[in-house]
Amino acid sequence: QLYADLVRLRLDRDGRTAGLRGGGLDVYHVNEAGKLIAYHRWDAGGAGDDVTVIANFSQHRYDGYLLGMPRPGTWVARFNSDDRRYSPDYEGFGSATVQANLGPLHGQAQSARVSVAPYSVLVLSQD
């Protein structure tokens, strides 16, 4: 199911992740000590196109991590690799939605508090 969900996002089957097919890429946040990165993918840009991917490569659980976001407004988690649907061993921890309205950060137009589980990936986009 995890792989099927990733393929669905990559092919933009739901019309919310067109940026995953586009050529735009900006790795805008790298926390080497904390082993967390965030990057922005886009094609034409805008709602339904801009995608932010947050990858946590550490055993640390981040709750309310302040992170830049490309655009203001509500961002919805389209994928959380810690979702219990993928394994009963997973916690299901991570932001379901975030509000990007805390001001510019990391070279991005806005910022938000994001929660992400250890060794997991979140894929966020806007409607």
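Before reading further, recall that the structure is shown in the block above.
With respect to the pairing of strand E1 (residues 24-31)
- Bridge analysis of E1 against strand E2 (residues 36-42) gives seven bridges, and the strand direction is antiparallel. Directly across from His 29, in E2, lies its bridge partner Ala 38.
- The antiparallel pairing of E1 with E2 creates a hairpin that spans four residues between the two strands, and Lys 35 there sits at a positive phi of about 60°.

So, the pattern of salt bridges
- Enumeration according to the criterion identifies eight salt bridges in this entry.
- The partner of Arg 21 in a salt bridge is Asp 12, and the shortest N-O contact between them spans 3.5 Å.
- Using a relative accessible area of 14% as the deciding quantity, one classes Asp 12 as buried.
- One network of salt bridges, in which partners are shared, links Asp 5, Asp 83 and Arg 85.

Points about unusual backbone geometry
- Even without being glycine, Lys 35 reaches a positive phi, approximately 60°.
- Position of Lys 35 relative to the elements: it lies in the loop between E1 and E2.
- Here Lys 35 falls in the partly exposed class, since its relative accessible area comes to 48%.
- One non-glycine residue, Tyr 119, lies in positive phi territory at about 50°.
- Examined against the element boundaries, Tyr 119 turns out to sit in the loop between strand E7 (110-116) and strand E8 (120-125).

Quick notes on the rules
Residues numbered from 1 in each chain as written. Predicted model: local features only at pLDDT ≥ 70, side-chain atom pairs only at ≥ 80, totals over all residues. Heavy atoms only, no water. Pairing = 2+ DSSP bridges. Helix = DSSP H or I, 4+ residues; strand = E, 2+ residues; numbered from the N terminus. Salt bridge = Lys/Arg side-chain N within 4 Å of Asp/Glu carboxyl O. Buried < 20%, exposed > 50% of the residue type's maximum accessible area, 1.4 Å probe, protein only.

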